[in-house]
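Close look at the chain arrangement
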Amino acid sequence: MAIQVSVCGPRDCTPDDESNAREVGRLLAGRGAVVICGGYGGVMAAVAAGARTAGGTVVGILSRADREQANHDLSIVIPTGVGEARNNIIVNSGDAVIIVGGSWGTLSELALAKRRGNVPVVQLGGWRLLDQDGRPVPGLRYASSPQEALAATGLW
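Now for a quick tour of the structure. Counting of residues starts from 1 at the beginning of each chain's written sequence and follows it residue by residue. The predicted nature of this model means local features are confined to residues of pLDDT at least 70 and side-chain atom pairs, given and counted, to a pLDDT of 80 or more, with totals for whole chains, interfaces and linings taken over all residues. Side-chain numbers here rest on the full set of heavy atoms in the structure, without hydrogens or water.

1. Here we look at the side chain of N71
Structurally, N71 is set in the loop between strand 3 (58–62) and strand 4 (76–79). A relative accessible area of 12% places N71 in the buried class. Polar contacts here mean pairs of N or O atoms no more than 3.5 Å apart (in protein, one a potential hydrogen donor and the other a potential acceptor; neighbouring residues in sequence count only if both atoms are side-chain atoms). A polar contact of 3.0 Å, which involves the side chain of N71, links it to the backbone oxygen of Y40. Contacts are residue-level and defined by heavy atoms, with any inter-residue pair within 4.5 Å sufficient. Aside from chain neighbours lying at most four places away, what touches N71 is G39, Y40, M44, A45 and A48. Where helices and strands are cited, they refer to DSSP runs of H or I of at least four residues and of E of at least two residues respectively, numbered from the N terminus. The buried label goes to any residue with under 20% of its type's maximum accessible area, the exposed label to any with over 50%, and the partly exposed label to all in between, with areas taken from a 1.4 Å probe on protein chains only.

2. Considering the packing of helix 1 (residues 15–30) against helix 2 (residues 43–53)
The description of two helices packed together rests on the angle between their axes and the distance between the axes. The interhelical angle for the contact between helix 1 and helix 2, taken along N-to-C directions, is 35 degrees, at an axis separation of 6 Å. The two elements helix 1 and helix 2 meet at a crossing, and its hand is right-handed. Of the residues in helix 2, those touching helix 1 at D17, E18, A21, R22, V24, G25, R26 and A29 are V43, A46, V47, A49, G50 and A51. Put simply, Ala, Val, Leu, Ile, Met, Phe, Trp, Tyr, Cys and Pro go in the nonpolar bin, Asp, Glu, Lys and Arg in the charged bin, and everything else, Gly too, in the polar bin. Classifying every residue of the contact of helix 1 with helix 2 by side-chain character gives 8 nonpolar, 2 polar and 4 charged. Axes, fitted as lines to C-alpha atoms, cover a helix only where it is in contact. Angles between the N-to-C directions of the axes lie from 0 to 180 degrees. By definition, any crossing whose near helix is turned counterclockwise from its far helix by less than a right angle is left-handed, and any crossing with a clockwise turn is right-handed.

3. Notes on helix 1
A rise of 1.5 Å per residue sets the reference length of helix 1, with its 16 residues, at 22 Å; its end C-alpha atoms lie 23 Å apart and thus fit the reference within 8%. Inspection of helix 1 places D17, N20, A21, V24, G25, L27, L28 and A29 among the buried residues, and these make up the whole buried set. Its buried side turned inward, helix 1 meets strand 1 (4–8), strand 2 (34–37), helix 2, strand 5 (96–100), strand 6 (121–124) and helix 5 (146–153). The first or second residue beyond helix 1 is G32, which carries a positive phi of 80 degrees. Helix span is expected to be 1.5 Å times the residue number reduced by one.

The values reported here are purely geometric and, on their own, carry no functional implication.
Spelled out as structure tokens, the structure:
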């Protein structure tokens, strides 16, 4: 069975996040991993484009009940009709979760992934979570490049 990696990130992302997501997708496809994402724009479109250019498979888990607005680089489109609850489907589908960038929706995916508890969660860019004493929240793996993000998953 192929390794599946969920990649989460905002629809409205920075140019750095877009570039990082594209490279993460390319690297994942190069290692034969199936990429799971939200299937729309921003980080989701960039990771899909990166994976597809490297011949990879990309599954888009859509919030809508139809395929409207799904990005064109997806290999498989799953319209759920469950709205933001699809975030749980995305993070539960991966052997690891890579977070690129930050937004409220992305933060919910990070929280769901950590709550799941049995997969590595890697953050590349975006928000930093701190505890009440200002220290980084334990359990998150931080990366400063797409290559580091893949290495931090521990899958290869």
